[in-house]
Structure formats: structure tokens, C-alpha cells
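Chain by chain, the residues run as shown.
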Amino acid sequence: MKNKIQLITYVDRFGKGTISDLRRLLSNELKGLFGGVHILPFFYPIDGEDAGFDPINHKQIDARLGDWNDLRQLSAEVDIMSDLIVNHISAKSIEFLDYIEKGDCSVYSSLILTKEKVFPVDASSKEIAKIYRPRPGKPFTNFKLKDGSEVVVWTTFTSNQIDIDVKSSLGMAYLEGILDTFQKANITMIRLDAAGYAIKKAGTSCFMIDETYDFISKLTQRSKLRGIKVLVEIHSFYKTQIEIAKRVDYVYDFALPVLVLDCLFNKNTNNLEKWLAIAPRNVVTVLDTHDGIGIVDVAGANGEPGLIADEILDQIVETIHTNSKGTSKKATGSAANNLDLYQVNCTYFDALGQDEQAYLMARAIQFFVPGVPQVYYVGLMAGVNDLKLLEETNVGRDINRHYYQKQEIEEYIDTVFFKKLQKLMVFRNSHSAFNGEFKLIKTPATELQIKWENKSDWALLRLNLNDMSLAISYTKTSGEITSLF
């Protein structure tokens, strides 16, 4: 992965909606802004129950977006990251439908994870309660086989997402088959989606247990043999991120979004600076993604304090709701389906009350902290909460998944605000200091100063939270010192 800003986007929600059009957009209107692109699920179909994260065929590109040749052409111009959906397949997949038809006689029976495989003797209520859940309710769904018998299947997320037994030889072969397809398409990096839930063991939380770490390590090695690097997506207690970072190429810095809000809302950098002192360096930094703003990543767990005190965290969540004029409440928790227990569904721009200066400061922090920055397409557009889409689908995350038409993009990139963001992004991608050493300069809690040094080159970010001022100074190739803003 290049040490340049990465784009994360859906193909069908950004522009004309094909891979070829995305390639043209990156080569023209967005030229120079991105060193790579994470294309969110482009598999068949893109419009399932979970926006492509429940593919019927994980090796087939949805024909509405293009084909593998289109993707190879894009990969010749920019690095591509793709999702490897580790935990589940679609209930409409060939594999699961064959299992429904034939039961244990199906060639895919060992691929399907049933409750009985984990709990040969029926699980107690205490054991069930111990299972970590991303959504309310039990992680099981009853299905009727063709012969009339019933089977209880693991469905960690939705009843359309059938958990696979990754410990079986067929489970690992299924995942490796997808890796082989990615390798042929010149995909150089994958994100392991939902990997934390992949291993189930009776008597445990079935989330990020010891065996999960081993599984992730094993899958990472098999990916590397194909020249594919691995990014792991884990929303969890911050110490889990630190531990998993030792075993893979990259992890997300999911703590950063809320820590930046903490800085800007509370005019205090202490929590952010404490995190930067211990945070992994092999990270992809984000402020927003196709999911919501993660809360669990900075919260306490199992009696241990988090990165932000509970009472301050509660205030941050309420400030998001206030800044978004209550729209984020309509998409979070029990207000919408697709319930998420660990996040607030809201665009980052709305979380900041559509304050352009605060938003520019937030991006400056992201681009200056250690890691490879990733910018979500809605965040690139400084998008606001899409209430119309939320009302249509009642899916909370859709409030932050707007469908941008080409005209909207063209109008936005001509604004004064985008020109400032563009200038900042090009600077982050091009200045040699960011390939050097990171330094956090000691300042009062109401200020933040971050410096990068690479031999004689340097870049310095200075933020004053009292007057919300932003200054960036840097060396030019001539040795001259100048300012970005």
C-alpha cells in the first residue's frame, strides 16, 4: 500500500456507477488525490440485504458494475483493495441452497456452520448470553430442509448471512478460492471483513478468542503467498487492536474518529495524545467509513477503562446528535433496523455540525497522525445525512451511504471548500516529510502540534482549539519554508 491517501467507495453510489466510470473519475476530476482505492463489495449481487456484504457469488462481479477485465484495467492505474467476507455466505448462494436441498448429504454440508457443530449438547442460557453480539437477539436462525427436518444455523449478522465453518477444509478452500480469483485480477490488498466472528467455541464469547488470532494469522500467510497484503477490520476494545496489529499487515485506527471529535468538542488533546503514544503504526486511519462512527473502539471493557471516560463519551454521542439536528438519532439503535450496538450512524460532516473549518481541521489531524489515510466517498464530498434514503430503506447505515450522481460531484469539486481539502490531500500525498519520522510536540491541551521530518524536509501542523485555527508550514525542495494555508 502506497503511503498516500486511499479512497473507500461503492462503485454504484459514486458517479455513473461502473468500474470503468470510477477509473475515469480517478484519472480526471479526482486526479492526484488517491494512491489506492478500496472498492466496497462489487460481487453479485450488490443490492442484497447488506449492501453487498451478503454475496450470492463472491467470485463474480455484479454485471451492472462491469467485469474482471474492467477491474484489471483499473488495477493498472491504482492499487485496489477488496473485501474478503470471511464469516458468511448468502442464504441464496448455490452452496447453501444445495445444503437445504440435501442436508448432510450435500457436498457443502461441512461448509455450513450449524449450532450443533459448536454445541453438540444444547447450549445453556448462560453460554448463549456469553456470545458477543453485533446485533440484538440470538446468533441463530432455524431453517427447514427439503426432507422436512429443521436445522439451527449460525447467522451472526442477519438470517440471509449464513456463517461458514472456517475450521473445516472446505471452509478454508472456499476462502482460498476467492484469494486465487483476487490474485488473477491484480488485487494487491484485502480487508478481512467480520474476521473477529469467524471462530466459534463453546464456553467463550465467540469473538476474538485465542483461536481467532491463530486463524487470522494463518489466513494472512496464505494471502501473502499470493502477493496480497491484509487489513483486518475489528471493532473492539483498543487493546485488541494493538494485539492483532502484531499479526497482520494493517489494522484500522477506529479509535481516531471519536478521539478527534473529543479534541474538537472539548478543546482538549489529552486523550488523543495518549493514544498516539501507544497506537500501532501499521494502521489505516479513518474518520468515516461505510459503517457508523465506532464507539466501542474507545470505550472501556471488562472493567478496564477505555481511551475516553464513559461520561465524556456519552457527551460526545449527545453532541453528535445535537450537531446533526437529531437526524443521527433516527438512524442509530432501535430507531432503525440493521441495529448496531457499537456505533452512531451519521456522516462525519454532520457530526461536526457542518462546520467546514472544524472538518478541515479533523482531516488535517487524520493526514498528520501515523498511518495511511483512507477517505470515504461521502466524507470526500463533505456529505450530509441522507434522510430520504434512510426513510426508503429504514437501514440505519444508509444515512451515510448516499448515491452521488455525476452532476453532484462536478458541482461540489468546484466549491471553495473542496479546493482547500484538495490542496491538503495533494500536500499529504506529495511531501517527502511524511515518509520520515513522526513527532508529537508537547503543547498545552488546547493546542496540537505534529511534525514530520525526513532528512532536511519537514512538515508541521499547528492547531489552536480555542480559536479553531489551522496552520501548516513546510519546507520546499529549494529549502524555502512556506505555508499551506
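Residues numbered from 1 in each chain as written. Predicted model: local features only at pLDDT ≥ 70, side-chain atom pairs only at ≥ 80, totals over all residues. Heavy atoms only, no water.

Asks: Go over the overall build of the chain with me, naming the residues and quoting the values.
Replies: A count of helical and extended segments in the chain gives 18 helices and 21 strands. A compact globule built from 485 residues would reach a C-alpha radius of gyration of about 23 Å, and the chain, at 22 Å, matches this within 12%. Referenced to the eigenvectors of the C-alpha coordinate spread, the extents of the chain come out at roughly 75 × 50 × 45 Å. By residue count, 60% of the 485 residues in the chain fall in the buried class. Sequence separation of 24 or more characterises 68% of the internal contacts of the chain that already satisfy a separation of 6 or more. Total accessible area on the chain is roughly 19,200 Å²; 49% of this is exposed by carbon and sulfur atoms. Taking the average place of the 55 positive charges on the side chains of the chain and the average place of its 62 negative ones, the gap between the two points comes to 4 Å. (Helix = DSSP H or I, 4+ residues; strand = E, 2+ residues; numbered from the N terminus. Rg over C-alpha atoms; globule rule 2.2 N^0.38 Å. Buried < 20%, exposed > 50% of the residue type's maximum accessible area, 1.4 Å probe, protein only. Contact = heavy atoms within 4.5 Å. Areas by Shrake-Rupley, 256 points an atom, 1.4 Å probe, with all protein chains shown as cover. Lys, Arg positive; Asp, Glu negative; His and termini not counted. Charge placed at Lys NZ, Arg CZ, Asp CG, Glu CD.)

Asks: Can you break down the pairing of strand E8 (residues 150-154) residue by residue, with the values?
Replies: One ladder, built from 5 bridges, connects strand E7 (residues 140-144) with E8; its direction is antiparallel. Residue pairing in the sheet places Asn-142 in a bridge with Val-152 of E8. (Pairing = 2+ DSSP bridges.)

Asks: Can you lay out a negative patch on the surface for me, pointing to particular residues and giving the numbers?
Replies: A contiguous patch of negative charge, built from Asp-310, Glu-311, Asp-314 and Glu-318, is present on the exposed surface. Checked against the element boundaries, Asp-310 lands in helix H11 (residues 310-323). (Patch = residues over 30% accessible without salt bridge, like charges linked within 9 Å, V, L, I, M, F, W, Y side chains within 5 Å. Salt bridge = Lys/Arg side-chain N within 4 Å of Asp/Glu carboxyl O.)

Asks: Give me the sheet that holds strand E13 (residues 283-285): which residues, what numbers.
Replies: The strand order around the closed barrel built from 8 strands is E1-E2-E5-E10-E11-E12-E13-E16, with neighbouring strands paired in parallel fashion. Averaged over neighbouring strand pairs, the angle between their axes works out to 30° when direction is ignored. The sheet contact formed by strand E5 (residues 79-85) and strand E10 (residues 189-193) spans 5 bridges and is parallel. Opposite Asp-83, over in E10, you have Arg-191 as the bridge partner. (Axes fitted to C-alpha atoms, helices over the stretch in contact; angles between N-to-C directions.)

Asks: Give a detailed account of the packing of aromatic side chains, specifying residues and quantitative values.
Replies: Counted under the stated rule, the structure contains 27 aromatic pairs. Where Phe-349 meets Tyr-359, the ring centres are 5.3 Å apart and the plane angle is 80°; that geometry is what we call edge-to-face. Of this pair, Phe-349 sits in helix H13 (residues 348-351) while Tyr-359 sits in helix H14 (residues 356-368), placing them 10 residues apart in sequence. For Tyr-359, a relative accessible area of 0% corresponds to the buried category. Pairing Tyr-376 with Tyr-377 gives two aromatic rings, centres 4.8 Å apart and planes at 75°, and the pair type is edge-to-face. (Phe/Tyr/Trp six-rings, centres within 6.5 Å; stacked < 30°, edge-to-face > 60°.)

Asks: Account for helix H9 (residues 256-266), naming residues and giving values.
Replies: Counting buried positions over the 11 residues of H9 gives 10, a clear majority of the element. Listing the buried residues of H9 in full gives Leu-256, Pro-257, Val-258, Leu-259, Val-260, Leu-261, Asp-262, Cys-263, Leu-264 and Phe-265. Phi turns positive, to about 55°, at Lys-267, one or two residues after H9.

Asks: Please give an account of the sheet that holds strand E19 (residues 457-464) that cites residues and values.
Replies: On the basis of which strands lie adjacent, the open sheet formed by 5 strands has the order E17-E18-E19-E20-E21 and antiparallel pairing. A strand with exactly one partner marks an edge of an open sheet, and here the two such strands are strand E17 (437-441) and strand E21 (481-483). Going from strand to strand, the sheet's axes swing by 15° on average, the running direction of each strand aside. Bridge count between strand E18 (residues 447-454) and E19: 8 bridges; the pairing is antiparallel.

Asks: Provide a residue-level description of the nonpolar core, including the pertinent values.
Replies: Counting 160 residues, the largest nonpolar core has Phe-14, Leu-30, Phe-34, Leu-71, Phe-96, Leu-192 and Phe-215 as the members making the most contacts within it. Ranked by residue count, the leading element in this core is H14, at 9 residues. Setting aside residues up to four positions removed in sequence, Leu-30 forms contacts with Phe-14, Leu-25, Leu-380, Ile-413 and Phe-418. Counting residues in each nonpolar core, the second largest holds 9 residues, with Leu-113, Ile-131, Phe-140 and Trp-154 among its members. (Core = buried A, V, L, I, M, F, W, Y, C linked by side-chain atoms within 4.5 Å.)

Asks: Describe empty space enclosed by the protein, naming the residues involved and giving the relevant values.
Replies: Applying the stated rule across the entire model yields 5 cavities of 30 Å³ or more. Counted as a void, the largest cavity has a volume near 240 Å³. Lining the largest cavity are 21 residues, with Phe-157, Asp-193, Ala-194, Glu-233 and Tyr-342 sitting closest to its centre. The residue makeup of the lining of the largest cavity, split by class, is 9 nonpolar, 5 polar and 7 charged. (1 Å grid on protein atoms, 1.4 Å probe; cavity = no way out; pocket = protein on both sides within 12 Å on 5 of 7 lines; lining within 4 Å. Points joined across faces, edges and corners; volume = space filled by probe spheres on them. Nonpolar A, V, L, I, M, F, W, Y, C, P; charged D, E, K, R; others polar.)

Asks: Tell me what's going on with the pattern of salt bridges, and back it up with residues and numbers.
Replies: For side chains bearing opposite charge, pairing can occur when the charged atoms are close. Across all of its chains, the model carries 29 salt bridges by this definition. The closest approach of N and O atoms between Asp-62 and Arg-64, which form a salt bridge, is 2.7 Å. Judged by relative accessible area, which is 2%, Asp-62 ranks as buried. A relative accessible area of 47% means that Arg-64 is categorised as partly exposed. Beyond isolated ion pairs, a larger network of salt bridges with shared partners links Asp-83, Arg-191, Asp-193 and Glu-233.

Asks: For the state of the cysteines, give the residues involved together with the corresponding values.
Replies: Inspection of every chain in the model, using the stated rule, returns 0 disulfides. Free cysteine: Cys-346, not disulfide-bonded; nearest cysteine sulfur from Cys-263 at 18 Å. (Disulfide = S-S within 2.5 Å.)

Asks: I'd like a description of helix H1 (residues 19-27), backed by residues and values.
Replies: With respect to burial, H1 is a largely interior element, 7 of its 9 residues being buried. Listing the buried residues of H1 in full gives Ile-19, Ser-20, Asp-21, Leu-22, Arg-23, Leu-25 and Leu-26.

Asks: Go over the packing of H14 against helix H18 (residues 416-430), please, and point to the residues and values.
Replies: Contact pair H14 / H18: the axes reach a minimum separation of 11 Å and the direction vectors enclose 10°. Here H18 runs roughly parallel to H14, going by the angle between their axes. Facing H14, whose interface residues are Glu-356, Tyr-359, Leu-360, Arg-363, Ala-364, Phe-367 and Phe-368, H18 presents Phe-417, Lys-420, Leu-421, Leu-424, Met-425, Phe-427 and Arg-428. (Parallel < 35°, antiparallel > 145°, perpendicular 65-115°, else oblique.)

Asks: Help me get a handle on the side chain of Ser-223, residues and values and all.
Replies: Relative to the assigned elements, Ser-223 resides in helix H7 (residues 210-224). Taking the relative accessible area as the measure of exposure, Ser-223 reaches 0% and is therefore buried. Residues within four places of Ser-223 in sequence aside, it is in contact with Leu-179, Ile-190, Ile-228 and Val-230.

Asks: Describe the side chain of Thr-156, and please don't skip the residues or the numbers.
Replies: Position of Thr-156 relative to the elements: it lies in the loop between E8 and strand E9 (161-163). A polar atom in the side chain of Thr-156 sits 2.5 Å from the side chain of Asp-163. Setting aside residues up to four positions removed in sequence, Thr-156 forms contacts with Asn-87, Arg-133, Pro-134, Pro-139, Gln-161, Asp-163, Tyr-197 and Lys-200. (Polar contact = N/O pair within 3.5 Å; in protein donor to acceptor, adjacent residues only side chain to side chain.)

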